[in-house]
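Here is what each chain is made of, one letter per residue.
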Amino acid sequence: DAGVIQSPRHEVTEMGQEVTLRCKPISGHNSLFWYRQTMMRGLELLIYFNNNVPIDDSGMPEDRFSAKMPNASFSTLKIQPSEPRDSAVYFCASSLGQVGNVLTFGAGSRLTVL
Amino acid sequence: TQLLEQSPQFLSIQEGENLTVYCNSSSVFSSLQWYRQEPGEGPVLLVTVVTGGEVKKLKRLTFQFGDARKDSSLHITAAQPGDTGLYLCAGVEGGKLIFGQGTELSVKP
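Structural notes, computed from the coordinates.

Reading the values: rules and limits
Residues numbered from 1 in each chain as written. Chains lettered and ligands numbered in written order. Predicted model: local features only at pLDDT ≥ 70, side-chain atom pairs only at ≥ 80, totals over all residues. Heavy atoms only, no water. Helix = DSSP H or I, 4+ residues; strand = E, 2+ residues; numbered from the N terminus. Rg over C-alpha atoms; globule rule 2.2 N^0.38 Å. Buried < 20%, exposed > 50% of the residue type's maximum accessible area, 1.4 Å probe, protein only. Contact = heavy atoms within 4.5 Å. Areas by Shrake-Rupley, 256 points an atom, 1.4 Å probe, with all protein chains shown as cover. Lys, Arg positive; Asp, Glu negative; His and termini not counted. Charge placed at Lys NZ, Arg CZ, Asp CG, Glu CD. Core = buried A, V, L, I, M, F, W, Y, C linked by side-chain atoms within 4.5 Å.

**Digging into the overall build of chain B**
Secondary structure summary: chain B contains zero helices and 11 strands in total. Of the regular secondary structure in chain B, the N- to C-terminal order runs β-β-β-β-β-β-β-β-β-β-β. Computed over C-alpha atoms, the radius of gyration of chain B comes to 13 Å, within 12% of the 13 Å expected from 2.2 N^0.38 for 109 residues, which places it in the range of a compact globule. Buried residues in chain B amount to 43% of all 109 residues. The long-range fraction of contacts in chain B, counting pairs at least 24 apart against all pairs at least 6 apart in sequence, stands at 53%. When the accessible area of chain B is evaluated, it comes to approximately 5,200 Å², of which 50% is carbon and sulfur surface. Charged side chains of chain B number 9 positive and 11 negative; the gap between the two group centres comes to 5 Å.

Printed below as a string of structure tokens:
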């Protein structure tokens, strides 16, 4: 298995632009997580899905952020409009079973909003 | 306020030295996980500790879960430059897996 695949690896955009980050979880994993990592706040959970259904989105910063999981092999995290304070590394992770089981992380998408 | 407090935040040592990093909380956890993250990569699981007082060894790395399941430690013996990275502890709180801020370890040859 190629592991959790994220794209793009790097994105530089201007304030106000729409950003879409993509994730392909490990085949057979039924839980998917989006985390954001910054120096100041560390790794923060934004949202997680179980069997393609959003379970907890309380970590999503505001309405500018949205996430979808249309099927078991694909998820997106969208920021519209983007702001400089959204600059961070965004990680997707997947696991089998419930929260607390081992997470397999992707390599991350580094977002810079100018 | 971090639910999982890690210390030290930064650690720079010479190859061959021993070190211990800590993960502390006021909450009780059913288990704690330790991950290591290298630059440009996502965190990778090292170990999960489940039982209070449990000790697990992974080559030169020794992990211990506190008796009260509120804290954990990671001890590295004879550190190598390849041990360099960000060490993160994580536990389930409120139905979510939360992470500490991490300990940034640099081992110089």
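**Considering the nonpolar core**
With 21 residues, the main nonpolar core has Trp34, Leu77 and Tyr90 of chain A as its most contacted residues. Going through the elements one at a time, strand 3 (19-24), strand 4 (31-38), strand 5 (42-50), strand 7 (65-71), strand 8 (74-79), strand 9 (88-95) and strand 11 (109-113) of chain A are the ones with two or more residues in this core. If sequence neighbours within four positions are ignored, Leu77 of chain A has contacts with Val19, Thr20, Leu21, Trp34, Leu46, Met60, Ser66, Ala67 and Tyr90 of chain A. Ranked by size, the runner-up nonpolar core spans 20 residues in total, among them Phe65, Ala79, Tyr87 and Leu105 of chain B.

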